[in-house]
Amino acid sequence: MSIEHGGFTLNRTLPASPARVFAAFASADEKQAWFGFEGERLDEQSFDFRVGGAEHKLGRMPDGAPYRFDAVYYDLVDDERIVYTYDMDVDGRHISVSLATIELKATDAGTELTWTESGAFLDGFDEPQWRVEGTNALLDNLVARLSAARA
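For every chain, the first residue of its written sequence is number 1, and the numbers climb from 1 along that sequence. Restriction of local features to residues with pLDDT of at least 70 applies here, the model being predicted, together with a cutoff of 80 or more for giving and counting side-chain atom pairs; totals for whole chains, interfaces and linings are based on all residues. Only heavy atoms go into the side-chain values, all of them from the structure, while hydrogens and water stay out.

Turning our attention to the sheet that holds strand 1 (residues 3–14). Strands pair, by our definition, only if DSSP identifies at least two bridges between them. Runs of E in the DSSP output that reach at least two residues are strands. Runs of H or I that reach at least four are helices, and both are numbered from the N terminus. The antiparallel open sheet is built from seven strands, whose spatial order is 1-7-6-5-4-3-2. Whereas interior strands pair on both sides, the edge strands pair on one side only; in this sheet they are strand 1 and strand 2 (41–47). Put simply, the sheet's adjacent strands are angled 15° from each other on average, direction ignored. Bridge analysis of strand 6 (residues 93–107) against strand 7 (residues 110–122) gives 12 bridges, and the strand direction is antiparallel. Across the sheet, residue Ser96 finds its bridge partner in strand 7, namely Phe121. Sitting on the sheet, helix 3 (residues 128–150) touches strand 1, strand 5 (81–90), strand 6 and strand 7, and the angle it makes with strand 1 is about 20°. A fitted line through C-alpha atoms serves as each axis, taken over the contacting stretch for helices, and the angle formed by two N-to-C directions is quoted from 0 to 180°. Only heavy atoms matter for contacts: two residues are in contact if any of them lie within 4.5 Å across the pair.

Below is the structure:
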């Protein structure tokens, strides 16, 4: 039994207004369009984007491993800030518990997004660097979605 603590901050300039970026997090359909990976299968989802609300997903990773994602929203400021916790299971193993904050600031180019996360990674089933890589991939998906909507 072990716990590895880790954290990171990622910054991205997104080609859309803070209101549009916030909306990409606030709608189940919008979020599902970018918050996932090619080949992933979603079996079950609930989404309640409000302070005290929860998000729940059950599905299968691209390699077929079952996963569970459960989040609770603690602070939401329209078009400015999202604060939530989440935990994950993969293949029946509890792999992590995390606190994520997303800050949005208007810029001439669109929105400066700052994603800060702190996690407890459990029993060697997940690692901070893997979470950085996964979050970067999700942000790549978000940029692509926002760019396509602008075109």
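From this point on, the discussion continues.
Positive phi, normally seen in glycine, also occurs at Asp79, with a value near 65°. Mapped onto the secondary structure, Asp79 falls in the loop between strand 4 (66–77) and strand 5. Look at Asp79 and you get partly exposed, because its relative accessible area is 31%. The phi torsion at Asp91 lies on the positive side, around 55°, for a residue other than glycine. Looking at the element boundaries, Asp91 is found in the loop between strand 5 and strand 6. The rule is simple: take the accessible area with a 1.4 Å probe, protein chains only, and divide by the maximum for that residue type; under 20% is buried, over 50% is exposed, in between is partly exposed.

Now for the pairing of strand 5. Of all 10 residues that make up strand 5, eight are buried, and the element is covered over most of its length. Strand direction decides the pairing type here: strand 4 and strand 5, joined by 10 bridges, are antiparallel. Among the inter-strand pairings, Tyr73 is bridged to a residue of strand 5, identified as Tyr84. As judged from the 10 bridges shared by strand 5 and strand 6, these two strands associate in the antiparallel manner.

Another aspect to go through is the packing of helix 1 (residues 18–26) against helix 3. Direction vectors running N to C along helix 1 and helix 3 enclose 120°, while the axes themselves pass 12 Å from each other. Between helix 1 and helix 3, the angle falls in the class oblique. Between helix 1 and helix 3 lies a crossing of right-handed hand. Every residue of helix 3 that contacts helix 1 at Arg20, Val21, Ala24 and Phe25 is listed here: Leu142, Arg145 and Leu146. The classification used treats Ala, Val, Leu, Ile, Met, Phe, Trp, Tyr, Cys and Pro as nonpolar, Asp, Glu, Lys and Arg as charged, and all other residues, Gly among them, as polar. Tallied by class, the residues present in the contact of helix 1 with helix 3 amount to five nonpolar, no polar and two charged. By the definition adopted for this analysis, an angle is roughly parallel if under 35 degrees, roughly antiparallel if over 145, roughly perpendicular if from 65 to 115, and oblique otherwise. When the near helix sits turned anticlockwise from the far one by under a right angle, the crossing is termed left-handed; a clockwise turn instead gives a right-handed crossing.

Turning our eyes to something else, we now look at the side chain of Asp87. Considering the arrangement of structural elements, one finds Asp87 in strand 5. By relative accessible area, Asp87 is classed as buried at 18%. A distance of 3.0 Å separates a polar atom in the side chain of Asp87 from a polar atom in the side chain of His94. In contact with Asp87, other than residues within four places in its own chain, are Arg68, Phe69, Asp70, His94, Ser96 and Val97. Nitrogen and oxygen atoms within 3.5 Å of one another constitute a polar contact, given that in protein one can donate a hydrogen and the other can accept it, and given that sequence-neighbouring residues count only through two side-chain atoms.

Inspection of the secondary structure puts Ala33 in helix 2 (residues 28–34). Overall, the relative accessible area of 44% leaves Ala33 in the partly exposed class. The spatial distance from the C-alpha of Ala33 to the C-alpha of Val97 is 24 Å, given a sequence separation of 64 residues.

We define a salt bridge as a side-chain nitrogen of Lys or Arg found within 4 Å of a carboxyl oxygen belonging to Asp or Glu. Overall, the coordinates contain 12 salt bridges when judged by the stated rule. In this structure, the salt-bridge partner of Lys31 is Glu55, at a minimum N-O distance of 2.8 Å. Of this pair, Lys31 sits in helix 2 while Glu55 sits in strand 3 (residues 54–60); the two residues are 24 residues apart in sequence, bridging distant segments of the chain. Lys31 gets classed as buried once you look at its relative accessible area, which sits at 3%. When its relative accessible area of 2% is taken as the criterion, Glu55 is described as buried. For Arg68, the salt bridge goes to Asp87, with nearest N and O atoms at 3.2 Å.

None of this, on its own, says anything about what the molecule does.
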